[in-house]
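# Geometric and topological summary
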Amino acid sequence: MARNSNLTVVKGEDDSIEENGKRRLPKWIMILATVLFLFLIVVGIYYNYHATETFNSYEIICSTVWQNTGEYMRNDNQVIRYTGNGAETVDGKGNLIWNITYEMKEPIVACCGNMVVIGERNGRQVLVSTGSGTVQRETMLYPVYSVAIAKQGVVAVMMNGEDRDYIHIYDKNMSLLYEIETTVAGDGFPQTMALSEDGTKLVTSYLAVAGEKLTSHVTFYNFSNVGENYIRNIVGQVQYEDTLIPRLSFLDNDTICVFTENGFEMFAMREVPASKAKVVFDEKIRSIAVGELLAFVLHNENGDEKNHIVAYDMQGNKCMDVKNSYSYEYVCVGEKEVLLHSGLSVLSLRLNGNIKFQHEFTSNIEVMFPIKKNEYFLIQQGEVHTIKLIEKKE
């Protein structure tokens, strides 16, 4: 009987089959590959849909009425309203979280987590709210210039003395932990500061003037065990020539962003600073928004589209670059959007430049903040609405 040397059959539960010298994959692998392929198609369709999804209307989830208008600040999924007579916070469900009263000519506010600090610029009052209604009131030794707070209640107060300037770091009970003393001749004029979420790191900016030359000095402090090995707890210093530093922001506990007049530099600072991204714009910065993203509205001098909007993620990677001619007064950011509004109108853009939401309201918008996916705080004439975007059928 002739022997067929071209056919070999080996059977087993997970074995392959060789036929005519070719190997066939087991059925379970082919089924798994097919399921994975179909899953990737569904995921692609889902993300493509949500990257192009648009909304043309909204519904009001809840509303809160405030008797007077004021200044507003977003704090995670809450909004803080503050005036010269007091401050209060509501959440996305319209619940009043806390309210406090005071008398201040120029209140300045900083928040981190549930903690909020309110200081009186050029005055001496400082108030700390724990987010549960507990308020601590303190009188500073010198006029207040800036305030900052950490999640666990550590407070930093920058103050202007007669011939010296000071930064005092307090614990949650307002007991003094550290004092930083500077002079205009040696360090320059104070510009701004930022405190890390855990309260162990502080970054400051001072402006030194020598004739017509301007130099901004950024100093990095570490008050942990690592910082104790450095003179005055200074773990790094950077100089920026011919520019102001209008803003410093901790993007997370270990990342600090230095904003210049024409760009930004991002530093990793787990213990000591190390530059991780630096961007210098050719165009003039009109607005900056900091949140889940860093967004800049630049002045585009070429063409009719005057706004050049660019955004960066927390690693300093560019994730948005679009131009438009929308006339705006205010800009803020959400997880994957940049929102601009002015008067009655609002425009929300996705990172790919597609319009997510565009609408004309019947009352002027004071502020509009993203809360979470498709939900926003809408503040109009003292009313705080929590709204959800919808697609209304024509």
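### Considerations on the overall build of the protein chain
- A count of helical and extended segments in the protein chain gives 1 helix and 35 strands.
- Buried residues in the protein chain amount to 47% of all 394 residues.
- In the protein chain, the share of contacts with a sequence separation of at least 24, taken over all contacts with a separation of at least 6, comes to 38%.

### Describing the pairing of strand β18 (residues 201–210)
- Counting buried residues along β18, 7 of its 10 residues qualify, which places the element largely inside the surrounding structure.
- The sheet contact formed by β18 and strand β19 (residues 213–222) spans 10 bridges and is antiparallel. Within β19, the residue paired with L202 across the bridge is Y221.
- The hairpin turn running from β18 into β19, its antiparallel successor, is 2 residues long, and G211 in that turn takes a positive phi close to 65°.

### Quick look at the packing of aromatic side chains
- Scanning the model with the defined rule gives 13 aromatic pairs in all.
- Between Y142 and Y166, the ring centres sit 4.4 Å apart and the planes meet at 10°, which makes this aromatic pair stacked. In this pair, Y142 is assigned in the loop between β12 (135–139) and β13 (144–149) and Y166 in strand β15 (residues 165–170), connecting sequence segments 24 residues apart.
- A connected cluster of aromatic rings, assembled from ring pairs, spans F259, F264, F281, F296 and Y312.
- In this arrangement the basic side chain of R121 is found over the ring face of Y145, its NZ or CZ atom lying 5.1 Å from the centre.
- Cation over ring: R247 sits above F259, and NZ or CZ is 5.9 Å from the ring centre.

### Considerations on the sheet that holds β19
- Read from one edge of the open sheet, 4 strands run β17-β18-β19-β20, paired in antiparallel fashion. Looking at which strands have only one partner, the edges of the open sheet turn out to be β17 (189–195) and β20 (234–241). Each strand axis lies, on average, 20° off the axis of its neighbour in the sheet, ignoring direction.

### A short note on the pattern of salt bridges
- Counted according to the given criterion, the structure contains 8 salt bridges.
- Across the salt bridge formed by E292 and R74, the nearest N and O atoms sit 2.8 Å from each other. One end of the pair, E292, is in the loop between β25 (285–290) and β26 (294–299); the other, R74, is in strand β5 (residues 71–75), and 218 residues separate them in sequence.
- One salt bridge in this structure joins E106 and R121, with 3.9 Å as the shortest N-O distance. You can see E106 sitting in the loop between β8 (96–101) and β9 (107–112) and its partner R121 sitting in the loop between β10 (115–120) and β11 (125–129), a full 15 residues away along the chain.
- Given the relative accessible area of 28%, R121 is considered partly exposed.

### Let's talk about a nonpolar patch on the surface
- On the surface, a cluster of nonpolar side chains totalling about 380 Å² of accessible area is made up of V184, F189, V209, L214 and L244.
- Judged by its relative accessible area of 31%, L214 falls in the partly exposed class.

### Some details on the confidence of the model for the protein chain
- Summarising the model, the protein chain shows a mean pLDDT of 89, and 90% of its residues fall at 70 or more.
- Below a pLDDT of 50 lies the segment residues 1–17, which in the model reaches 14 contacts outside its immediate sequence neighbourhood of four places, other chains included.

### Some details on the sheet that holds β13
- Pairing in this open sheet of 4 strands is antiparallel, and the strands run β13-β14-β15-β16 from one edge to the other. Each end of this open sheet is capped by a strand with a single partner; those strands are β13 and β16 (176–182). Averaged over all pairs of adjacent strands, the angle between their axes in this sheet comes to 15°, without regard to strand direction.
- When β15 meets β16, the two strands line up antiparallel, connected through 6 bridges. Bridging across to β16, Y166 finds its partner in E181.

### Notes on the nonpolar core
- By size, the foremost hydrophobic cluster in this structure holds 17 residues, and its most contacted members are V117, M140 and V157.
- Among the elements of the structure, β9, β10, β11, β13, β14 (155–160) and β15 are those that each provide at least two residues to this core.
- For V117, the contacting residues outside a window of four places in its chain are I108, V109, A110, V126, L127, V128, V147, A148, I149 and V155.
- One finds I309, A311, V338 and L340 within the second-largest nonpolar core, a separate group that totals 16 residues.

### A closer look at unusual backbone geometry
- With a phi angle near 70°, N122 is a residue other than glycine that sits in the positive phi range.
- Relative to the helices and strands, N122 resides in the loop between β10 and β11.
- Since its relative accessible area comes to 56%, N122 is described here as exposed.

### Some thoughts on the environment of N114
- Along the chain, N114 falls in the loop between β9 and β10.
- Residues N114 and K151 lie 37 residues apart in sequence; the distance between their C-alpha atoms is 6.9 Å.
- Setting aside its immediate chain neighbours within four residues, N114 contacts S129, T130 and G131.

### Some words on the environment of D242
- Looking at the secondary structure, you find D242 in the loop between β20 and β21 (247–252).
- Given a relative accessible area of 55%, D242 falls into the exposed group.
- As for D242 and L207, which are separated by 35 residues in sequence, their C-alpha atoms are 9.8 Å apart.
- Those residues in contact with D242, other than ones at most four positions away along the chain, are L214 and E261.

Reading the values: the criteria
- Along each chain, residues carry numbers from 1 onward, in the same order as the chain's sequence is written.
- Since the coordinates come from a predicted model, pLDDT governs what is reported: local features require at least 70, and pairs of side-chain atoms require 80 or more to be given and counted, while whole-chain, interface and lining totals use all residues.
- The side-chain figures draw on all heavy atoms in the structure; neither hydrogens nor water molecules are used.
- Numbering of helices and strands runs from the N terminus; a helix is a DSSP stretch of H or I covering at least four residues, while a strand is a stretch of E covering at least two.
- Accessible area is worked out with a 1.4 Å probe on protein chains only. A residue is then buried under 20% of its type maximum, exposed over 50%, and partly exposed in between.
- In this analysis, two residues are considered to be in contact whenever any of their non-hydrogen atoms come within 4.5 Å of each other.
- At least two bridges found by DSSP between two strands is the condition for calling them paired.
- Ring pairs are drawn from Phe, Tyr and Trp, using the six-membered ring of Trp, whenever the two centres fall within 6.5 Å, and their geometry is named by plane angle: stacked under 30 degrees, edge-to-face over 60, tilted for the rest.
- We call a charge positioned above a ring when the Lys NZ or Arg CZ atom is no farther than 6 Å from the ring centre and deviates by at most 35 degrees from the ring normal.
- Simply put, an axis is a line fit to the C-alpha atoms, just over the touching stretch for a helix, and the angle between two N-to-C directions goes from 0 to 180 degrees.
- Any Lys or Arg side-chain nitrogen found within 4 Å of a carboxyl oxygen on Asp or Glu counts as a salt bridge.
- Two joining distances apply to patches: 9 Å for like charges and 5 Å for nonpolar side chains (Val, Leu, Ile, Met, Phe, Trp, Tyr), and every residue must have over 30% relative accessible area and no salt bridge.
- Surface accessibility follows the Shrake-Rupley procedure with a 1.4 Å probe radius. Residue values consider only the protein chains on display as shielding.
- One confidence number per residue, pLDDT, is output by the predictor and ranges from 0 to 100.
- Residues grouped as a nonpolar core are buried Ala, Val, Leu, Ile, Met, Phe, Trp, Tyr and Cys residues, joined through side-chain atoms within 4.5 Å.

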